[in-house]
Structures are given as C-alpha cells and as structure tokens.
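# Geometric and topological summary
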Amino acid sequence: MQAFKDYEKFKKRLSSEGIIKAVLIGFLVAFAVAIITAAVCWYFGINALLIVIPEIVVIGSGISLCLYYFKYRPTAKTVAVKVDELGLEERMITMCEYEHDDSYMAEAQRKDAMKALETVNEKMLPIAVSVGLIVFSILSFVGGAFTSSVTVLAAEGKIKSGKEIVSELLEKPAEQYSVRYVSSLFGTLYCPAFNTDGNEELQNELLSKGYVSNDDGSIILYSDGSIEMTVTEGVDGEYIFAIPKKGYTFVQWSDGELSPFRKSSGNGIYSEITAIYEEGDFDIEGYLNKIEANIPTLSDSSHKPYDIGSGNSNSGNNGGGNSFGGGDGLNNFVIDGKTDYRHVYKDYADEGLDRANNDANMNERLKKAINNYYNSIKASSSDETDGNN
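My aim in this report is to walk through the structure given alongside it, one point at a time. (Residues numbered from 1 in each chain as written. Predicted model: local features only at pLDDT ≥ 70, side-chain atom pairs only at ≥ 80, totals over all residues. Heavy atoms only, no water.)

## Some words on the packing of aromatic side chains
Under the defined criterion, the tally for this structure stands at 10 aromatic pairs. Consider the rings of Y181 and W253, whose centres lie 5.6 Å apart with planes at 75°: the pair is edge-to-face. Linking Y181 in strand β1 (residues 176-182) with W253 in strand β7 (residues 248-253), this pair joins segments that are 72 residues apart in sequence. Judged by its relative accessible area of 0%, Y181 falls in the buried class. W253 sits in the buried class, given a relative accessible area of 0%. Ring centres 5.9 Å apart and planes at 35° place the aromatic pair F241 and F261 in the tilted group. With F241 in strand β6 (residues 239-244) and F261 in strand β8 (residues 261-263), this pair connects stretches of sequence that are 20 residues apart. (Phe/Tyr/Trp six-rings, centres within 6.5 Å; stacked < 30°, edge-to-face > 60°. Helix = DSSP H or I, 4+ residues; strand = E, 2+ residues; numbered from the N terminus. Buried < 20%, exposed > 50% of the residue type's maximum accessible area, 1.4 Å probe, protein only.)

Pasting the structure below:
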C-alpha cells in the first residue's frame, strides 16, 4: 500500500500488539514446561536451574517468533480491517482490493478513503491483549520461579525431595509391642535405662502404686520385680539383665535366649519372657566379662549395673544389697568355692586394663569404655575389701 504514508504508522501500532501477544503466549508455554521440568527434578532431588533457564529461553523465544511471523504479524488487509473499525466503513479494505485497479472509479474510491483516513490516527487503535492472557502469564512465571527454587533447596538437602516424601507416605508405620520380663524367687531383673536405685521418690511410688514408669512410659517396673517394655518393631530396645541370687546360676530365658543380658525386642504380639535359674555357682567373672565385651558403653554410665556386692545400695526389691536388687545375692561370692572374689578381682582388672591398653587394633572409643569399666570395678573391689578387713 503506497497510496498513503500514514499506513506505516497504523502497521507499527498493530505490530506492537502482535509482538506483545506472541511474547506472552510464548513464555507462558515456556514457563509451563519449566514447571513440569522442575517438578520432575524436585522429585529426584536434582537442581533444575541449569536445565530450566536455557529451556525457558529457547522455548519462549522460539514460540514467540513463530507466533508473530505466522499469526500476529500485520498485513495490508489486517491493517485495513482494523482502521475501518474506527468508522471508515470499509473504505480501507475496499482500497486494498482495488490497489492495482487504475480505473476512474478506483481512483475516486482511493481519494475518498484518503480523505476519511485524515479523520483518524494510529493512537485510536487499542492494543488488545486479554486480561486472562496477562494473568496466566504472570502465574506461569511465578510458578516456574517457585518450583525452580524448590529444586535448589531439595538438591542441597534443605527440604525433602518428592521421592523422599512419597517414600515416607508409602512407608508402613512401625508397630509397637509390649514385652514383659519376669524373674523368680531365685533371681532379679535390672534395666540400666530406668531403675529406682538411690531414688527415694521412685521407690516410694513403686511401693505405694505397685509400679513406676519412666517419663515416656516405655519402661514399667513392677513391685513383684518384673519389667515391662514397649518395643518398636525393627528397633532394638533397652538392655535388661537377669541376676541370679546367691547359690543359683542363670540357665536361659523362656524363649530360648541363653545370654543373661539381652535387648528387648518385639515379635508382633504381647509376650511374657521368664528368666530361668537353677542351683549352682554363678560365674561372676564370666558374666562381667560378657558385659564388657558386648556392651562397653554401659561402663560410661553414672550408675554402674555391675557395681556389685556393696551391701548398702538401695534396690526396691527384696530389701536391697546390690545395685541389681535381690538382697545379698552376690555378696561374699567366692571363686572356686573358697576364694573371695573381692580379694582377687583387682588382679583381674589390672590384667584386663593391660590387655586393652596394649591392643593396637582396638579403637580408642572401645579402649576408653573398657578402661572406665575396669577402673570402676577396681574401685568397687577395693572399697569392699577395705570395708570387710
């Protein structure tokens, strides 16, 4: 259209509208794809920034260019139609149709159209972009930025990835079961994690109520000497010890376990396990060595479960006599039927300390635990010997 110079002004106006629409739609799609990409990356805990940013630029630019050149770029006819909407009553579209007609009627029509065109200007053409398109474009931008930021946090471990959340949702909650340990008249039970030794308030509560529990109720001590524990499936519970009285030795637990000390465990149902004893000599040295070898961390405890033979420790069961409870069950115990263990145990402790300290293959944490253990035994044995000489 060379018939009038103002035509280009109207075309530029419509070109601006086309560019805005093409860019909004192009990047709306790009950010929508970025949201999907970021969601996938978040699920697997991958930082999506290096993927999403190039993706947005390439997809957004590509779609915007295609939309403009193939859909929104103004042509002579589209400009004429838009200008006619300003009240020119199809003069411009008619002039386009007779552009190459040199007849008298065509010339007259062009002059009439040009005269009518002088009554309008390009600013009268509105840039028509829908509110919905603007809103969705903003939402897609915010969504893309948010999901991309989430992937960064997930990759750094600051929040959980989608895979971790799904795994937690699908994971079956661990069940809890109760296990009650029962002793007999020939022995007592002891749980290092919770006991009444030296705690007058707990002892009084045990005597008055018949039972006492720890803070979370997972361990209950009963006045008859039995101990009930709440155990989570698949998780080791607390240690419990079966201590025979004088003249008896531990045989096994009623479920077949042979070790006199064990960790509580649940088998899916409420269970009651009894410690079984028989007449015989209790191998105190072997018992303590087993404790030291299997659970050295107990030797760091402020309350020593193997502080035996004190004769004046408070127990809540059968009148006291050692930190396990059970009266004088371990007092005056003798080795080989004639040698008082308190007279020789210091030698065993010294031997154990030397063996541990000279073992180059032993890690320092275990070595420290063993040293604490033997030193506590030496101190206890020395006090006993001095007090009975």
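Now that the structure has been shown, we can carry on.
## Some words on helix α2 (residues 49-72)
Within the span of α2, buried status applies to V52, E55, I56, G60, S64, L67, Y68 and Y72. The secondary structure elements touched by the buried residues of α2 are α1 (7-44) and α6 (131-155). (Contact = heavy atoms within 4.5 Å.)

## Digging into the nonpolar core
For soluble globular proteins, nonpolar side chains are generally found buried alongside one another. Among the nonpolar cores identified, the biggest contains 20 residues, and Y181, L189, I227, M229 and W253 are the most heavily contacted of them. If you list the elements that add at least two residues to this core, you get β1, α8 (200-209), β4 (219-222), β5 (227-232), β6, β7 and β9 (271-279). Not counting the four nearest positions on each side in its chain, I227 is found in contact with V179, R180, Y181, L189, Y190, C191, I219, I220, L221 and I240. In terms of nonpolar packing, the next biggest core, distinct from the first, is built from 16 residues, Y7, F10, V79 and M92 among them. (Core = buried A, V, L, I, M, F, W, Y, C linked by side-chain atoms within 4.5 Å.)

Any functional reading would require information beyond the geometric quantities listed.
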